Amino acid sequence: MAADATPSFLYLSTLPAPGSRFELSPEDGHYVARVCRARAGETAEATDGRGALAVLRLIEVRERVVAEVESSRLEDRGPRAWVLCGAPEGERADWLVEKLAELGIERFIPVDCARSTWQRARERRTRWMRLAIAALRQSRQLHLMGVEAPRSLAQGLGDLPGGAKRWLAEEDGQRALPDSRSLGELSVGLVGPAGGLEGVERALALAAGFRPLRLARARLRTETAAVAWASWWAAAPP
């Protein structure tokens, strides 16, 4: 008896309509046939990263992999969260992007601050999108996290829509308790860079409606604070 296939979950930027047959890309075909050990007749699931979930029937699994869309549905995103984040030290941004995507953050927005800027962000953005896609597949989510281009803190604050719940990760802020969470329509977490926000920047955030929030007893690194805020948000009851 053949071994059961590992559940296959694919990201396809464009999903064909139900009843359509199509050939998977070489990368996706390798994943289905070699990594998941799928066989013809088995099913896989796929999303377009915009809320669609399709069930695929594998028609051919050989040198090429051909699938047919059996059904598809669209799911609402539900609660949304954005993270505005200053630059962490060294090469820690890859880990940061991966974990934020796994936690269901809608947008990751790098912001340049006085004490640190995203000097390599533009050349790393393509890699970060690949990490976000891998995280979507691993966590089996239906919405792909957007990775924005870096911008100034002032611009990032100015681009926020009205009505969003706004939180500033800060070691002297209000303690992050379960009953202080609020999903609402959109929640925004702001995390300073390595070295923290300068006084003028903090004042700008407070004037924009951000509430200081303490996420741990200890002082956290930038990337840890961002993931801690995202975890706090994601754990809120529906």
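In this report, we go over the structure that sits alongside the text.

Thresholds applied
- Residues numbered from 1 in each chain as written.
- Predicted model: local features only at pLDDT ≥ 70, side-chain atom pairs only at ≥ 80, totals over all residues.
- Heavy atoms only, no water.
- Pairing = 2+ DSSP bridges.
- Helix = DSSP H or I, 4+ residues; strand = E, 2+ residues; numbered from the N terminus.
- Axes fitted to C-alpha atoms, helices over the stretch in contact; angles between N-to-C directions.
- Contact = heavy atoms within 4.5 Å.

**Focus: the sheet that holds strand β3 (residues 43-47)**
- If you walk across this open sheet you meet the 5 strands as β1-β3-β4-β5-β2, and the pairing is mixed. Two strands lie at the open edges of the sheet, namely β1 (9-11) and β2 (21-23), each paired on one side alone. Averaged over all adjacent pairs, the angle separating strand axes in this sheet is 40°, with direction ignored.
- Strand direction decides the pairing type here: β3 and strand β4 (residues 52-61), joined by 5 bridges, are antiparallel. Paired with Ala-46 across the strands is Ala-54, a residue of β4.
- Against the sheet, helix α1 (residues 26-35) engages β1, β4 and β5 (65-74), with an angle of about 175° to β1.
- Its contacts with the sheet place helix α3 (residues 121-139) against β1 and β3, and it is angled at close to 150° to β1.

**Observations regarding the side chain of Arg-124**
- For Arg-124, the position within the fold is in helix α3.
- When sequence neighbours within four positions are dropped, the list of residues in contact with Arg-124 reads Glu-91 and Asp-94.

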